[in-house]
Protein chains: 2
Amino acid sequence: MTYTIKEVSEKVGLSIYTLRYYDKEGLLPFVARNEAGYREFTDGDLNIIHTICCLKNTGMKISKIRQYIGDVMAGPDSIEDRQQLLHDHREKILEQQRILSENLKEIDYKLDIYDAPNAGDIISRELQFAEAEKRANALVDPYIKTLPGR
Amino acid sequence: MTYTIKEVSEKVGLSIYTLRYYDKEGLLPFVARNEAGYREFTDGDLNIIHTICCLKNTGMKISKIRQYIGDVMAGPDSIEDRQQLLHDHREKILEQQRILSENLKEIDYKLDIYDAPNAGDIISRELQFAEAEKRANALVDPYIKTLPGR
DNA sequence: CTAAACCCTAGAGAATACTCTAGGGCAAGC
DNA sequence: GCTTGCCCTAGAGTATTCTCTAGGGTTTAG
């Protein structure tokens, strides 16, 4: 049982274009071709592609994924290299998680203000501070003036 | 008290190039200029730039950040728009977090294998499976053969 | 046998976010 | 006044990851 590129595209959620691009970039050296030159994907191939997606989804660059796949193709001799590569990548994921949750906190802080019942007052005050600071430094006030409704 | 672009660069961790690029892209309309055309950053400006970094660090595109900044410049009338924008972005961050931890699980699963004392055996068996599958489908075996050491 | 639906490659194009260069002005210390 | 180190703009160049087009074979259903 093998799959066509279209079937794989639907299974893994990558466009046919992307799959061919990945192949061109050396990410799919394990995919065999039939007599007509068509790619034939096995279930084992799908497993590796799944791993490629994991690495991609966590921000690994194509060139690094190619390196990992190269290791996989090389067989058991490359286990240490793969181990190292994945451990390093794991650290990068943890770092990404740290950055995301840290920045999320700040965004939540801003949302608390916007969601407050007196958001208008708070924001108006902030704006007045900013304008006062510009004036204090003899700078142009860049904020948009709305005419007072009468 | 105002800051030069170099000082801001050091404070916020963006290169001078990037700051100028952001200005060109409309992310810093609040930064005033002195008589010579030099940018003069206030502390309030630094606060907004900090927010820009939060949005950028969590994957927001420049064009979207520009929209948010446009709202900020418009004053309190735009609070609902900012609220909406940040709430939507918040959801995207949660989604990113979900994707990261899901994929991290899979990578940890692979690392468990590579870190196991019998990793060599497991990997060899996987490889044999993959090769058998290729043979079963009358496909070329793409895996690298190492000569048996004698 | 023919049309529709696939498959292929090579290479151009696009989107995003920088990064740098060229050419020139300004400011501070000696 | 001159050098050094900043500052400016405009625009070219780079890196990455797709995405699509052109041109051409293959497969399948009727």
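Residues numbered from 1 in each chain as written. Chains lettered and ligands numbered in written order. Predicted model: local features only at pLDDT ≥ 70, side-chain atom pairs only at ≥ 80, totals over all residues. Heavy atoms only, no water.

Bringing the relation of the copies chain B and chain A into the picture now. For these two chains of identical sequence, chain B goes onto chain A by a turn of 180° and a shift of 0.0 Å along the axis, with RMSD 0.0 Å. The superposition operator between the copies reduces to a two-fold rotation axis. For chain B, the smallest separation between a C-alpha atom and the rotation axis is recorded for B:Q97, amounting to 3.4 Å. The fraction of interface residues of chain B whose copies in chain A are also interface residues reaches 100%, indicating that both copies meet through the same surface. (Least-squares fit on C-alpha atoms with pLDDT ≥ 70 in both. Contact = heavy atoms within 4.5 Å.)

Time to look at the protein's contact with DNA strand D. Near DNA strand D there are 19 residues, and of these A:Y22, A:Y38, B:R20, B:R33 and B:R39 occur at the shortest range. Across the atoms of DNA strand D situated within 4 Å of the protein, the share located in sugar and phosphate is 71%. In this structure, a phosphate oxygen belonging to DNA strand D sits 3.3 Å away from a main-chain N or O atom of A:I62. Elements represented by at least two residues in the surface near DNA strand D include exactly α2 (16-24) of chain A together with α1 (5-12) and α2 (16-24) of chain B. If one sorts the elements of the surface near DNA strand D by residue count, α2(A) sits on top with four residues. (Near = heavy atom within 4 Å. Polar contact = N/O pair within 3.5 Å; in protein donor to acceptor, adjacent residues only side chain to side chain. Helix = DSSP H or I, 4+ residues; strand = E, 2+ residues; numbered from the N terminus.)

On to the interface of chain B and chain A, then. Taken together, the 63 residues of chain B in the interface contact 63 residues of chain A. Buried area between chain B and chain A, summed over both chains or domains, comes out near 5200 Å², and the portion from carbon and sulfur atoms is 64%. Three residues, B:L100, B:I107 and B:Y114, lead the burial of chain B against chain A; their summed loss comes to 13% of the area buried on that side. One can count four salt bridges joining chain B with chain A. (Buried area = accessible area lost by both parts, 1.4 Å probe. Salt bridge = Lys/Arg side-chain N within 4 Å of Asp/Glu carboxyl O.)

Further remarks concern unusual backbone geometry. Note on backbone geometry: most residues besides glycine have negative phi, and most peptide bonds are trans. Backbone geometry places A:A138, a non-glycine residue, at a positive phi of 60°. Residue position: A:A138 is located in the segment after α6 (119-136).

Under the criterion given, the structure shown has two aromatic pairs over all chains. Their ring planes at 45° and their centres at 5.9 Å tell us that A:Y21 and A:Y22 sit as a pair that is tilted. (Phe/Tyr/Trp six-rings, centres within 6.5 Å; stacked < 30°, edge-to-face > 60°.)

Attention now moves to the protein's contact with DNA strand C. In the vicinity of DNA strand C, 19 residues are found, and the nearest of them are A:R20, A:R33, A:R39, B:Y22 and B:Y38. Counting only atoms of DNA strand C within 4 Å of the protein, the sugar-phosphate share comes to 68%. At 3.4 Å from a base nitrogen of DNA strand C is found a side-chain nitrogen or oxygen belonging to A:K24. In the environment of DNA strand C, a phosphate oxygen lies 2.7 Å from a nitrogen or oxygen atom belonging to the side chain of B:Y22. Mapped onto the surface near DNA strand C, the elements with two or more residues apiece are α1 (5-12) and α2 of chain A together with α2 of chain B. No other element matches the four residues that α2(B) contributes to the surface near DNA strand C. Classifying every residue of the surface near DNA strand C by side-chain character gives nine nonpolar, three polar and seven charged. (Nonpolar A, V, L, I, M, F, W, Y, C, P; charged D, E, K, R; others polar.)

Residues and elements named next belong to chain B. Following both chains from N to C, one finds helix α4 (residues 62-74) and helix α5 (residues 79-115) inclined at 150°, their axes separated by 9 Å at the closest point. Viewed along their axes, α4 and α5 adopt a mutual orientation that is roughly antiparallel. The crossing of α4 and α5 is left-handed. Residue-level inspection shows K64, Q67, Y68, D71 and V72 of α4 in contact with α5, the latter providing D81, R82, L85 and L86. (Axes fitted to C-alpha atoms, helices over the stretch in contact; angles between N-to-C directions. Parallel < 35°, antiparallel > 145°, perpendicular 65-115°, else oblique. Left-handed = near helix turned anticlockwise from the far one by under 90°.)

Here we come to the side chain of B:T42. Residue placement: B:T42 occurs in the loop between β2 (39-40) and α3 (43-57). Leave out the neighbours within four places in its chain, and B:T42 touches A:E133, A:K134, A:N137, A:L139, B:M1, B:T2 and B:Y3.

Moving on to helix α4 (residues 62-73) of chain A. Here α4(A) is twelve residues long and its end C-alpha atoms lie 16 Å apart, about the 16 Å a rise of 1.5 Å per residue gives. Looking at the packing, one finds that the buried side of α4(A) touches α2, α3 (43-57) and α5 (79-115) of chain A together with α5 of chain B. (Expected span 1.5 Å × (residues − 1).)

Let's shift gears to α3(B). Residue and element names in this part refer to chain B. Helix length check: α3, at 15 residues, gives a terminal C-alpha distance of 21 Å against a target of 21 Å (1.5 Å per residue), a fit within 8%. G44, D45, L46, I48, I49, T51, I52, C53, C54 and L55 are the residues of α3 that are buried. Positive phi appears at G59, one or two residues downstream of α3, with a value of about 90°. (Buried < 20%, exposed > 50% of the residue type's maximum accessible area, 1.4 Å probe, protein only.)

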